[in-house]
Amino acid sequence: MNYKLLVALNALLMGPKMEPLLHPKPGAVTRLSEHKDKNVVDFCEHTLLIESATIRAFVASKDKVLEDPIAEGLEEYFNLLRKFKVKSNIALGTTLLHVPLAAALGDLGYPADPSKLVQRASSLVLSSERGGKIYYKILELLRPSHLRKYEGPIPAVGEGYPRSFAEVLRSAAWDLVHSELLKGYPLSLKVLSLIDQHLEEKKGIEESALLAMLKILSDHGDTLILTKYGIRAYQKAIADSRIALFFAERVGIKEALRELDREWRKRGWNPGAVLDIVSTGISLYYYSLIIES
């Protein structure tokens, strides 16, 4: 196997390793802050599950033996969730975004530029049939806190299974993570671009990633906050983020985020969907460095 291909795959796993460490993040797990049900050590352990799922998808796609590498990767993740007795949602969104990238890399057979990689990842997701059922099985296992009673054109979780992964994603296309998979990762590419821009301005990788996070929050809000706390909380989070971005340019990103963290942590707000996208953008940044070397 091409050595550079393996290095590129390894680079695509940098986001899940690095994003949980970033500090400060409003209401989120960091290297210095935790939640009642999870901390940074849990996220570090969880990278083993994500890595195993992405490697499975990569190999299945590269060998061209199995028809659905997305389903293979998600099934590996599901099996490991049970083996590790994981009962809470630690990084499902991050896994959903990274498995297709690994499958796309295996399918292309060479380190394509990020724009081609994400387009192939999206097309593989849209062609996956069994992936929808496995995604439901993962949701049944984890029962994430944002999961609500659903009535619509596809079965609710626990009441049957969809016909395809695309059917699931389109039914909730308003969600940031689902939208990324459907549309070819536009916000993840935006994070990549913002990190590049900030690094050119002599900012470090942590500061650059945090600025990118705040910019995405300011422009798009967070759909996890929307689902858990409603439209007013969603709109208030956007307004708060824009104020924090304004002050970040004057007092520095970390001081601005510390103030935002104090407010959001009291409310229980956590921008989990945006952080999944930041993780993916970080992975694409390191991937781009590797393929250019």
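Undergrad: Before we go on, may I ask you to explain the overall build of the protein in this structure?
TA: Per the secondary structure count, the protein includes 15 helices and zero strands. The C-alpha atoms of the protein give a radius of gyration of 18 Å, which matches the 19 Å a tight globule of 293 residues would have. Viewed in the frame of its principal axes, the protein has a C-alpha envelope of about 55 × 50 × 30 Å. Counting the 293 residues in the protein, one finds 55% classified as buried. Put simply, the protein shows about 13,000 Å² of open surface, and 52% of that area lies on carbon and sulfur atoms. Between the centroid of the 39 positive side chains of the protein and the centroid of its 36 negative side chains there is a distance of 2 Å.

Undergrad: Help me understand the nonpolar core in this model?
TA: The nonpolar side chains of a soluble globular protein tend to be buried, and buried together. Grouped together as the largest cluster of nonpolar side chains are 94 residues, with contacts concentrated most on L105, I138, F165 and Y287. Ranked by the residues each element gives to this core, the list is headed by helix α15 (residues 272-292), at eleven residues. The residues touching I138, leaving out its near neighbours within four places in the chain, are L74, Y77, F78, L81 and L92.

Undergrad: Looking at this structure, I do not really get the packing of aromatic side chains. What am I missing?
TA: Any pair of aromatic rings gets described here by the distance separating the centres and the angle formed by the planes. For the structure on display, the rule yields five aromatic pairs. Ring geometry for Y136 and Y161: centres 6.3 Å apart, planes at 55 degrees, overall tilted. With a gap of 25 residues between them, Y136 in helix α7 (residues 130-142) and Y161 in the loop between α7 and α8 (165-171) connect regions that are remote in the sequence. On the accessibility criterion, Y136 (3% relative accessible area) is buried. Taking the ring centre of Y161 as reference, the NZ or CZ of K133 above it sits at 5.2 Å. The aromatic ring of W269 is capped on one face by R267, whose charged end is 4.5 Å from the ring centroid.

About the cut-offs
- Residues numbered from 1 in each chain as written.
- Predicted model: local features only at pLDDT ≥ 70, side-chain atom pairs only at ≥ 80, totals over all residues.
- Heavy atoms only, no water.
- Helix = DSSP H or I, 4+ residues; strand = E, 2+ residues; numbered from the N terminus.
- Rg over C-alpha atoms; globule rule 2.2 N^0.38 Å.
- Buried < 20%, exposed > 50% of the residue type's maximum accessible area, 1.4 Å probe, protein only.
- Areas by Shrake-Rupley, 256 points an atom, 1.4 Å probe, with all protein chains shown as cover.
- Lys, Arg positive; Asp, Glu negative; His and termini not counted.
- Charge placed at Lys NZ, Arg CZ, Asp CG, Glu CD.
- Core = buried A, V, L, I, M, F, W, Y, C linked by side-chain atoms within 4.5 Å.
- Contact = heavy atoms within 4.5 Å.
- Phe/Tyr/Trp six-rings, centres within 6.5 Å; stacked < 30°, edge-to-face > 60°.
- Lys NZ or Arg CZ within 6 Å of the ring centre and 35° of its normal.

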